[in-house]
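# Chain and residue survey
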Amino acid sequence: SQELLDLFSNQVSQELAASQFYLSASIWFDGRDWEGMASYMLGESSEERNHALQLIDFANKRNIPVKLQGLEAPNADWDSPEEVWRDVLELEQSNTASILRLAEAANQCSDYAVLACLNPFHMEQVDSEAKISTIIAKVSDENRTPGLLRQLDHELGLEAGQV
């Protein structure tokens, strides 16, 4: 259906917008000497771009026309690390909702190949939202436990492969 095609193109653009958002957050963290969080965000930016490329590859194999949409410049100005992480959670929740809309349209069209393509994305979203919620809890605790934010920065840097 046209709705499925439109939602598929929208999801590709959503992944690319998420990539730009994470890149902007990486730049913000790097400019404030939060190297671990900057590295983590840079890795997430790459992952989101790869999601878009995976969807495009799938679409090309299925002859699904993908129309890229213009992307708005992402936010680049936050007041605190906590604000950045809260925006990250909002971004991921929006992406989850977009994937679910696409899956529902695919289900209505009985397009099981699109549903199968989306399955790994569903699990990644569950994991991402849970992880980010945990990070927000840690960032929020900084006022009660000084130094926790630097420890989190170090942990995220290790996870991102930055030593």
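Check the entry above for the structure.
Described below are features of the structure shown in this document. Here the structure is a predicted model, which means the values were calculated and not measured.

## Quick notes on the packing of helix α3 (residues 81–108) against helix α4 (residues 112–140)
- With their axes 9 Å apart at the nearest point, α3 and α4 run at an angle of 160° to one another. Between α3 and α4, the angle falls in the class roughly antiparallel. Both α3 and α4 take part in a crossing whose hand is left-handed.
- Its residues placed into classes, the contact of α3 with α4 shows 17 nonpolar, 9 polar and 4 charged.

## Points about the pattern of salt bridges
- Counted by the stated rule, this structure contains 5 salt bridges.
- One salt bridge in this structure joins Glu159 and Lys131, with 2.3 Å as the shortest N-O distance. Placement of Glu159 in helix α5 (residues 148–159) and of Lys131 in helix α4 is noted, with a sequence separation of 28 residues between them.
- Judged by its relative accessible area of 49%, Glu159 is partly exposed.

## Brief notes about a nonpolar patch on the surface
- A cluster of nonpolar side chains, Leu23, Ile27 and Leu42, forms an exposed patch at the surface whose accessible area comes to about 280 Å².
- Within the secondary structure, Leu42 is located in helix α2 (residues 35–62).

## Structural notes on unusual backbone geometry
- Unlike most non-glycine residues, Asp33 shows phi in positive territory, near 65°.
- Mapped onto the elements of the fold, Asp33 is located in the loop between α1 (2–30) and α2.
- Classification of Asp33 by relative accessible area gives partly exposed; the value is 48%.
- Located in the positive-phi region is Ser110, a residue other than glycine, with phi close to 55°.
- Assignment of secondary structure puts Ser110 in the loop between α3 and α4.
- Using a relative accessible area of 41% as the deciding quantity, one classes Ser110 as partly exposed.

Basis of the calculations
Residues numbered from 1 in each chain as written. Predicted model: local features only at pLDDT ≥ 70, side-chain atom pairs only at ≥ 80, totals over all residues. Heavy atoms only, no water. Axes fitted to C-alpha atoms, helices over the stretch in contact; angles between N-to-C directions. Helix = DSSP H or I, 4+ residues; strand = E, 2+ residues; numbered from the N terminus. Parallel < 35°, antiparallel > 145°, perpendicular 65-115°, else oblique. Left-handed = near helix turned anticlockwise from the far one by under 90°. Nonpolar A, V, L, I, M, F, W, Y, C, P; charged D, E, K, R; others polar. Salt bridge = Lys/Arg side-chain N within 4 Å of Asp/Glu carboxyl O. Buried < 20%, exposed > 50% of the residue type's maximum accessible area, 1.4 Å probe, protein only. Patch = residues over 30% accessible without salt bridge, like charges linked within 9 Å, V, L, I, M, F, W, Y side chains within 5 Å. Areas by Shrake-Rupley, 256 points an atom, 1.4 Å probe, with all protein chains shown as cover.

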